[in-house]
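Okay, here's what each chain looks like letter by letter:
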Amino acid sequence: MKDIPYSILKQDERAYEIMVLRDQYGNTFTDIARECEISVSRVVQIYNKLKIKQIRLYINHIAVVFGYKGTSQVRKVYDDAYECYQEWSYACAYLEKKYKDILTEYRDGEPGMPTQFVKSMPPFKPNLSKKTIARVVEIREVEKASFLAIAKELRMTQAKAKHTYEMFYHKQVLKLIKALEEKAESRKEKNAIWEYYFRGNKTAKKRYDMLTKQ
C-alpha cells in the first residue's frame, strides 16, 4: 500500500477553509455560506466531500502504519464508529481519538477535531439494546420529544436518535410488506406493492402508518 500525504487535503483551499470553519470554530453552514458567498446546500456539499476524503486519508494512513495489506481492518473500525454516531464528523473524531498519536503526526501541524469536541462525544456504542431502541420510540411518540432531547437523555448523537427511530419503523414496514407479498398472486402484483409504498420521499414512520391504517 502507498501512503498519501495529508497535505493533499489542502489542494482545494476554499474547501479546506470551509472544513476548518465548521470543525474548529463550530460555524453553522448558514454562516459559512454567507461568508463564502455561496448557497448553504453548496457549502454542505463541499464540506461533506472533503470530510469523506479526510476520512479515507486517515484510514489509508493508519493501515500503512500498521503494515496491513489493505484497509479492511481499519475500515471496520470506522464503520462501527459511523454506526454508533451516524455522522461523519463524529466518526472521524473517533478515529482521531483512537489513533491519536498516529494521526497527529500524520497531520503535521494541521488541526484535527477540537479537544473539547472529542471529550464531549457520546460513549461508543455501535449496537443499541432493544430496551434503548424502545425508549427512543417511547420518548418520541409518547413524550413528543425532539431528536435532540432524545439524544441528550440517552447519550447519543441527534443523528443516531433519528436513525434509530427510522430504522425501528423501517423494519416494521418490511415485515408488513412481506406479509402483503405472500398474499400477492403474481410478480407484477408484488412489484406494485413495493412501488406504491416506497415511491416518493417518505419517512419509515409514514410508510408504516400507510400500511397500518388501511
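Residues numbered from 1 in each chain as written. Predicted model: local features only at pLDDT ≥ 70, side-chain atom pairs only at ≥ 80, totals over all residues. Heavy atoms only, no water.

A. Quick peek at the overall build of the protein chain. Scanning the protein chain for helices and strands turns up 12 helices and zero strands. Each helix (α) and strand (β) of the protein chain, taken in turn from the N terminus, gives the series α-α-α-α-α-α-α-α-α-α-α-α. With respect to the principal axes defined by its C-alpha atoms, the protein chain has extents near 60 × 40 × 35 Å. Every one of the 214 residues in the protein chain was classed for burial, and the buried ones make up 37%. Within the protein chain, contacts between residues at least 6 apart in sequence are counted, and of these 61% link residues at least 24 apart. Of the roughly 13,300 Å² of accessible surface on the protein chain, 50% is carried by carbon and sulfur atoms. Each charge sign in the protein chain was given a centre, from 41 positive and 28 negative side chains, and these centres are 5 Å apart. (Helix = DSSP H or I, 4+ residues; strand = E, 2+ residues; numbered from the N terminus. Buried < 20%, exposed > 50% of the residue type's maximum accessible area, 1.4 Å probe, protein only. Contact = heavy atoms within 4.5 Å. Areas by Shrake-Rupley, 256 points an atom, 1.4 Å probe, with all protein chains shown as cover. Lys, Arg positive; Asp, Glu negative; His and termini not counted. Charge placed at Lys NZ, Arg CZ, Asp CG, Glu CD.)

B. Spatial organisation of helix H1 (residues 13-23). All of the buried residues in H1 are Ala 15, Tyr 16, Ile 18, Met 19, Val 20, Leu 21 and Asp 23. Close packing links the buried residues of H1 with helix H2 (29-36) and helix H3 (40-65).

C. Looking closely at empty space enclosed by the protein. Counted by the stated rule, this structure contains two cavities of 30 Å³ or more. One number sums up the size of the largest cavity: a volume of about 70 Å³. Forming the boundary of the largest cavity are Tyr 16, Met 19, Val 20, Asp 23, Gln 24, Lys 51, Gln 54, Glu 96, Pro 111, Gly 112 and Met 113. Put simply, the parts of the chain that give the lining of the largest cavity at least two residues each are H1 and H3. The dominant element in the lining of the largest cavity, judged by the number of residues it contributes, is H1, at four residues. Grouping the constituent residues of the lining of the largest cavity by class yields five nonpolar, three polar and three charged. Put simply, the second largest cavity is a space of about 40 Å³. In terms of residue class, the lining of the second largest cavity is built from six nonpolar, one polar and three charged. (1 Å grid on protein atoms, 1.4 Å probe; cavity = no way out; pocket = protein on both sides within 12 Å on 5 of 7 lines; lining within 4 Å. Points joined across faces, edges and corners; volume = space filled by probe spheres on them. Nonpolar A, V, L, I, M, F, W, Y, C, P; charged D, E, K, R; others polar.)

D. Inspection of the nonpolar core at higher detail. Counting residues in hydrophobic clusters, the biggest one holds 41 residues, and the most contacted among them are Leu 95 and Leu 103. Counting only elements with at least two residues in this core, the list comes to H1, H2, H3, helix H4 (72-85), helix H5 (88-98) and helix H6 (100-107). Counting residues per element, this core draws most heavily on H3, which supplies 10 residues. Other than its neighbours up to four places away in sequence, Leu 103 contacts Tyr 58, His 61, Ile 62, Leu 95 and Glu 96. (Core = buried A, V, L, I, M, F, W, Y, C linked by side-chain atoms within 4.5 Å.)

E. Structural context of a positive patch on the surface. Together, Arg 14, Arg 42, Lys 49 and Lys 53 give the surface a local cluster of positive charge. Examining the composition of the positive patch, we find that three residues originate from one element, H3, more than from any other. Along the polypeptide, Lys 53 turns up in helix H3. With relative accessibility at 32%, the residue Lys 53 sits in the partly exposed group. (Patch = residues over 30% accessible without salt bridge, like charges linked within 9 Å, V, L, I, M, F, W, Y side chains within 5 Å. Salt bridge = Lys/Arg side-chain N within 4 Å of Asp/Glu carboxyl O.)

F. Expanded view of the packing of helix H10 (residues 158-183) against helix H12 (residues 204-212). H12 packs onto H10 with a crossing angle of 35 degrees between their chain directions and a minimal axis gap of 8 Å. The element H10 and its partner H12 pack so that their crossing is left-handed. On the side of H10, the interface is formed by Tyr 165, Glu 166, Tyr 169, His 170, Gln 172, Val 173, Leu 176, Ile 177 and Leu 180, while H12 contributes Ala 204, Lys 205, Arg 207, Tyr 208, Leu 211 and Thr 212. Taken together, the residues that form the contact of H10 with H12 break down as nine nonpolar, three polar and three charged. (Axes fitted to C-alpha atoms, helices over the stretch in contact; angles between N-to-C directions. Left-handed = near helix turned anticlockwise from the far one by under 90°.)

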